[in-house]
Amino acid sequence: MGHAHVEGSNYLNHEKGLWSWLTTLDHKRIGILYFISVMFFFLIGGLFALLIRLELMEPGQQYISADFYNQVMTLHGSIMVFMVIIPGIPAFLGNFFLPIMIGAKDVAFPKLNLLSWYCLICGAGIAVSALFAGGIDTGWTFYTPYSIKTSTAVIVFVLGAFVMGFSSILTGLNFIATTHKLRAPGMTMNRMPLFVWALYSTAIIQVLATPVLAITLLLLVAERALGIGFFDASLGGDPVLFQHFFWFYSHPAVYIMILPALGVISELIAAFSRKTIFGYTAIAYSSVAIAAVSFFVWGHHMFVSGQSELAGAIFSGITMLVGVPTAIKLFNWVATMYKGSIRLDSPMLYAIGFMFLFTIGGVTGVMLATMAIDVHLHDTYFVVAHFHYVMVGGTLMAIMGGIYYWFPKMFGYMYSETLARLSWVFIFMGFNITFFPQFILGTQGMPRRYHDYIPEYAWLNKVSTFGSWFIFAGFVIGLISIILAFRKKEKAPMNPWGAKTLEWTIQSPPIHDNFEKIPTVNGGPYEYR
Amino acid sequence: MLHMFAFAQSYMPIQGSTFAKGVDSLFDFTIWASIISFVILIGGLVIFVVKYQRRSDNDKTAYITHNVFLEFLWSFIPLCIFMGIFVWGYVLYKDMRQFPDNAIEVNVMGYQWGWTMTYSNGKQSGNELVVPVGKPVVLTMTSKDVIHSFYVPSFRIKQDAVPGKRSKLWFQSDRLGDYEMFCTEYCGTAHSKMIGKVRVVTQAEFNEFLAKDKSKMTLAELGQEAFNVKGCVACHSVDGTVKVGPSFKGLWGSTVNHSDGTTAVFDENYARTSILNPQEKFVAGFANVIMPTYQGQVSEEEITHLIEYIKSLK
């Protein structure tokens, strides 16, 4: 469009009023819309988490009944998965920075981009309305036949998840098209920042896997509403078939949740080590490798469900392969820090925290992929601890790191570094206090989704509950640091970290069109020399 | 050599079954392998953070893009370790799925919210599995309503009980005592109350347990009754003569040839399907016989009885 650039104009004040936000086609503003919604959902999901830990502080019933607990447990899981972690990085940070990082004005389909946000909000609205129609108590996995027999509002909730799925598909579609078609002159695929590679790999999974979830959820609705019998043994169906369908989506979905985080960490490590990333190609292609392999591992959720031994062995073996590209990334990041110039600003602290926790999440994943060990640990708190180390210790740490890293660019203000570091201390410590004991609970045999437990498990549960308060404090401090940043209005420079990717070459906050003039790229993304 | 890894004993439950030792050794190995990789990785990270901290904003850093040899090492070595762990885990798992012939058989029915154990002589018990020490035990499990999962932490065994399917599990305990038994598949309100006990007792105590207030008929006898009452007898013989349908004699565990050329082993799930959905496959030579379905006319318990009866027709 070629707007003449007015001094002081940026995407935030380019247009004014609530309506301009609700109808915006600017990828940056849509990213902010996602930011606000995801923060809100995270608050709700987090309060449910605190309630779960509070109830489990002592054996026996403390504050809430078993039925209510089951609803809280279900809502915590599904809100965090469908409304926080899946849209978290791609639709918020990805939306904002993917086009800028490849030197584009916007995503390929701005209207679809806005539609994707409305899908998330409508889906979330539908899902939440289930609370007024009897709630939902199936767990986020909706396993049949329980989800068919329960009297709670499964259909409403599942339709909500169905609609939210389209949000994910549309974002993925947009990213694939944008990455292929809108790169600036000279921005070859092999010059793209690793965050873009990670988002691109994620987008492939989003587009290919999410429709399978949509179909599965519709089958579930048909089963419940019409009694067709896909999954009902008494009608000739197979309850385990649902698990195959569900995990065919939901295992790749785990990589939808973690791959973008791996991308963020690559950016942070390079920027705060002031050093070119070690093994760019290996990291970039390992994202694609993880995405590809992720489609062939779903059966590792089903070693004890009655799946054949041969199928189990194949799934176990392939799952082990995922460990290799993951290990490559971790080693390459450490190698990047070698002979670097490292500063421990808060984003870097989060990146280091990520590597610490994600490594633990990774090695325990290998244990769970081992058939004989999984027979013992399946559906115990070991699994709960493992995926929280990956999803919270991994993805949420990366989101926090990413927010602090890009906050000056997004809003043009600096935040209090002291508060940001303090939030890291609380979240990192609290996280370990909460979830490490759960590994031990799991090896001792405590099953997951338990409202009550035998007295032997009491003290570790108590420690875990204490830890959850530290995490809460950490996030509150994080929120305060952001609110204060908006109030103090300390102007951020164009490139506070001395980073080399394209978003740091434009003003903070960016103008509506991102670039005054589309840049020409003639080098890699991490040219620290 | 594995004795040096006696680490797991401090946090794993008591080793109550013959599987436990093997599983714990492998678990110990993975723990140590994890600790070592963690120390290498995070240790390296910490050293670099300290050693290469930023001195000034004009620091020059080395421009190192990659190193094929190193990258090969940290791809190949983890791959070898992962594959080793995979094979080790598979070998142990295979033992868990190789069912011994001389085992004591117990039918387990999960329901919301408890377990019913039925022994072959008709003896039943609720939420308490009593087994003799030093003898292999095979559980044949199913569920009345939703999926449950039978889990005994001390035995390191777990298997889902799925409605409409028969799943199997076996173990042998060489250690007298009581063991906690949990349901590990979320099943609703009282999921966390679905707790039972496995009691490993001496052979004499086990015999006494079996003899006490058992029902008058064994499962096979109940099956014979169902065989007559439900009318199976009209078309199936038990002495090998061919009536309208195939005979039941020697059928259990045999390989059945189908009219479409496929074959299958006659086991619990095959029997169940043949009763409830007889037109799914036809036995070779009987392709024109239309057996009516017994869907809704026989209960899961009666199917168990019929299975036990067919088993007894050697």
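Residues numbered from 1 in each chain as written. Chains lettered and ligands numbered in written order. Predicted model: local features only at pLDDT ≥ 70, side-chain atom pairs only at ≥ 80, totals over all residues. Heavy atoms only, no water.

### Re the overall build of chain A
The secondary structure content of chain A amounts to 15 helices and 0 strands. Relative to its length of 529 residues, chain A is compact, with a C-alpha radius of gyration of 23 Å against a globular reference of 24 Å. Projected onto its principal axes, the C-alpha coordinates of chain A cover approximately 70 × 45 × 45 Å. Relative to its full complement of 529 residues, chain A shows a buried share of 68%. Roughly 16900 Å² of accessible area belongs to chain A as shown, and the carbon and sulfur atoms make up 71% of that amount. For chain A, the distance from the average position of its 28 positive side-chain charges to the average position of its 24 negative side-chain charges is 14 Å. (Helix = DSSP H or I, 4+ residues; strand = E, 2+ residues; numbered from the N terminus. Rg over C-alpha atoms; globule rule 2.2 N^0.38 Å. Buried < 20%, exposed > 50% of the residue type's maximum accessible area, 1.4 Å probe, protein only. Areas by Shrake-Rupley, 256 points an atom, 1.4 Å probe, with all protein chains shown as cover. Lys, Arg positive; Asp, Glu negative; His and termini not counted. Charge placed at Lys NZ, Arg CZ, Asp CG, Glu CD.)

### Let's talk about the domain arrangement of chain B
Residues and elements named next belong to chain B. Along its sequence, chain B is carved into domain 1 (2–53 + 61–96), domain 2 (104–211) and domain 3 (219–312). Taken together, the contacts link 13 residues of domain 1 with 12 residues of domain 2. Here domain 1 and domain 2 share an interface that buries about 1000 Å² over both sides, 55% of which is from carbon and sulfur atoms. Where domain 1 touches domain 2, the interface holds 1 salt bridge. (Domains from an automatic or database assignment. Contact = heavy atoms within 4.5 Å. Buried area = accessible area lost by both parts, 1.4 Å probe. Salt bridge = Lys/Arg side-chain N within 4 Å of Asp/Glu carboxyl O.)

### A word on the packing of helix H2 (residues 27–55) of chain A against helix H15 (residues 458–488) of chain A
Pairs of packed helices are described in terms of their axes, by the angle between the two and the distance that separates them. Residue and element names in this part refer to chain A. Between H2 and H15, whose axes approach to 9 Å, the crossing angle comes to 155°. What the angle tells us is that H2 and H15 run roughly antiparallel. Considering how the two elements wind past one another, H2 and H15 form a crossing that is left-handed. Contact with H2, carried on its side by Met39, Phe42, Leu47, Leu50, Arg53 and Leu54, involves Asn461, Ser464, Thr465, Ser468, Trp469, Phe472, Phe475 and Leu479 of H15 and no other residues of that element. (Axes fitted to C-alpha atoms, helices over the stretch in contact; angles between N-to-C directions. Parallel < 35°, antiparallel > 145°, perpendicular 65-115°, else oblique. Left-handed = near helix turned anticlockwise from the far one by under 90°.)

### A short note on the sheet that holds strand E3 (residues 124–126) of chain B
Residue and element names in this part refer to chain B. Pairing is mixed across the open sheet formed by 5 strands, whose spatial order is E3-E2-E1-E5-E8. The open sheet has two free edges, formed respectively by E3 and strand E8 (167–172), since each of these has just one partner strand. Direction aside, neighbouring strands of the sheet carry axes that sit 25° apart on average. Pairing between strand E2 (residues 114–119) and E3: 3 bridges, direction antiparallel. Looking at the pairing, threonine 118 lines up with glutamine 124 of E3. (Pairing = 2+ DSSP bridges.)

### Points about the sheet that holds strand E6 (residues 148–152) of chain B
Residues and elements named next belong to chain B. Across the sheet, 5 strands lie side by side as E4-E10-E9-E6-E7; this open sheet has mixed pairing. A single partner strand is all that each edge strand has here, and the edge strands are strand E4 (128–132) and strand E7 (157–161). In this sheet, adjacent strand axes meet at a mean angle of 20° when their direction is disregarded. Relative to strand E10 (residues 196–201), E4 runs parallel, the two sharing 5 bridges. Note that in E10 the partner of proline 132 across the bridge is valine 201. Docked against the sheet, helix H3 (residues 203–211) engages E4 and E10, running at close to 130° with respect to E4.

### Section: H2 of chain A
Three or four residues apart is the spacing at which side chains of an α-helix point the same way, because the helix has 3.6 residues per turn. Between its terminal C-alpha atoms H2 of chain A stretches 41 Å, which fits the 42 Å expected from 29 residues at 1.5 Å a residue. Where H2 of chain A begins, the capping side chain belongs to aspartate 26 of chain A, and its oxygen is found 2.9 Å from the backbone nitrogen of lysine 28 of chain A. (Expected span 1.5 Å × (residues − 1). Polar contact = N/O pair within 3.5 Å; in protein donor to acceptor, adjacent residues only side chain to side chain.)

### Focus on the pattern of salt bridges
Within this structure, the stated rule accounts for 22 salt bridges over all chains. With a shortest N-O distance of 2.8 Å, glutamate 417 of chain A and arginine 421 of chain A are connected by a salt bridge. Of this pair, glutamate 417 of chain A and arginine 421 of chain A both sit in helix H14 (residues 417–443), separated by 4 residues, roughly a single helical turn. Taking the shortest distance from any N to any O, the salt bridge between glutamate 128 of chain B and arginine 199 of chain B comes out at 3.4 Å. Of the two residues, glutamate 128 of chain B is situated in strand E4 and arginine 199 of chain B in strand E10; the sequence distance between them amounts to 71 residues.

### Digging into the environment of glutamate 300 of chain B
Residues and elements named next belong to chain B. Note on placement: glutamate 300 falls in helix H6 (residues 300–312). For glutamate 300, a relative accessible area of 18% gives the class buried. Along the sequence, glutamate 300 and aspartate 174 sit 126 residues apart, while their C-alpha atoms lie 32 Å from each other. Every residue in contact with glutamate 300, bar those within four places of it in the chain, is listed here: Met109, Thr142, Gly164, Arg166 and Arg272. A polar contact of 2.6 Å, which involves the side chain of glutamate 300, links it to the side chain of arginine 166.

### Structural notes on the interface of chain A and chain B
Taken together, the contacts link 94 residues of chain A with 75 residues of chain B. It is Phe278, Phe331 and His376 of chain A in chain A that bury the most area against chain B; as a group they hold 8% of the surface buried on that side. One can count 3 salt bridges joining chain A with chain B. Two residues, lysine 193 of chain B and aspartate 452 of chain A, come together in a salt bridge whose shortest N-O distance is 3.5 Å. Applying the counting criterion to the chain A and chain B interface returns 27 residue pairs in polar contact (both at pLDDT 80 or more). Breaking the side of chain A that touches chain B down by element, the ones donating at least two residues are helix H3 (66–101), helix H5 (146–149), helix H8 (239–273), helix H9 (280–293), helix H10 (309–337), helix H11 (346–369), helix H12 (371–377) and H14 of chain A.

### A look at the layout of surface pockets
All names here are of chain B. Considered as a void within the structure, the second largest pocket measures approximately 1300 Å³ in volume. In this structure, the second largest pocket is lined by 47 residues; those nearest its centre are Tyr270, Ala271, Thr273, Ser274 and Ile275. Counting residues per element, the ones that place at least two in the lining of the second largest pocket are strand E11 (255–257), helix H5 (268–276) and H6. (1 Å grid on protein atoms, 1.4 Å probe; cavity = no way out; pocket = protein on both sides within 12 Å on 5 of 7 lines; lining within 4 Å. Points joined across faces, edges and corners; volume = space filled by probe spheres on them.)

### Quick notes on the nonpolar core
Counting 248 residues, the largest nonpolar core has Phe354 of chain A together with Phe150 of chain B as its most contacted members. Here this core gathers at least three residues from each of two domains, domain 1 (2–53 + 61–96) and domain 2 (104–211) of chain B. Excluding residues that lie within four positions of it along the chain, phenylalanine 354 of chain A makes contacts with Ile258, Ala261, Leu262, Ile265, Trp333, Thr359, Gly393, Gly394, Thr395, Met397 and Ala398 of chain A. (Core = buried A, V, L, I, M, F, W, Y, C linked by side-chain atoms within 4.5 Å.)

### So, the packing of H2 of chain A against helix H4 (residues 110–129) of chain A
All names here are of chain A. At a minimum axis separation of 10 Å, H2 and H4 run at an interaxial angle of 15°. Between H2 and H4, the angle falls in the class roughly parallel. The two elements H2 and H4 cross, and the hand of that crossing is left-handed. On the side of H2, the interface is formed by His27, Ile30, Leu33, Tyr34, Ser37 and Phe41, while H4 contributes Pro110, Asn113, Leu114, Ser116, Trp117, Leu120, Ile121 and Ala124.

### Remarks on the side chain of threonine 465 of chain A
For threonine 465 of chain A, the location among the structural elements is in helix H15. If we skip the residues at most four places from it in the chain, threonine 465 of chain A touches Arg53, Leu54, Leu56 and Met57 of chain A.

### Considering the pairing of E10 of chain B
Relative to E10 of chain B, strand E9 (residues 177–183) of chain B runs antiparallel, the two being bridged by 5 bridges. In the strand pairing of E10 of chain B, glutamate 180 of chain B is matched with lysine 197 of chain B.

### Quick notes on the packing of aromatic side chains
Residues and elements named next belong to chain A. A complete count under the given rule lists 72 aromatic pairs over all chains for this structure. Measuring from centroid to centroid gives 6.4 Å for phenylalanine 231 and phenylalanine 245, while their planes differ by 80°, and the two rings are edge-to-face. Note that phenylalanine 231 is positioned in the loop between helix H7 (194–226) and H8 and phenylalanine 245 in helix H8, a separation of 14 residues in sequence. When its relative accessible area of 29% is taken as the criterion, phenylalanine 245 is described as partly exposed. Here tyrosine 404 and tyrosine 415 contribute two aromatic rings whose centre-to-centre distance is 4.7 Å and whose plane-to-plane angle is 50°, an arrangement assigned as tilted. With tyrosine 404 in helix H13 (residues 381–411) and tyrosine 415 in the loop between H13 and H14, the pair connects residues that are 11 residues apart, well separated along the chain. (Phe/Tyr/Trp six-rings, centres within 6.5 Å; stacked < 30°, edge-to-face > 60°.)

### What to know about empty space enclosed by the protein
Residues and elements named next belong to chain A. Evaluated as defined, the whole model comprises 4 cavities of 30 Å³ or more. Here the largest cavity defines a volume of roughly 130 Å³. Phe82, Ile86, Pro87, Met164 and Ser168 are the residues nearest the centre of the largest cavity, which is lined by 17 residues in total. For the lining of the largest cavity, the secondary-structure elements that each account for two or more residues are H3, helix H6 (154–181) and H7.

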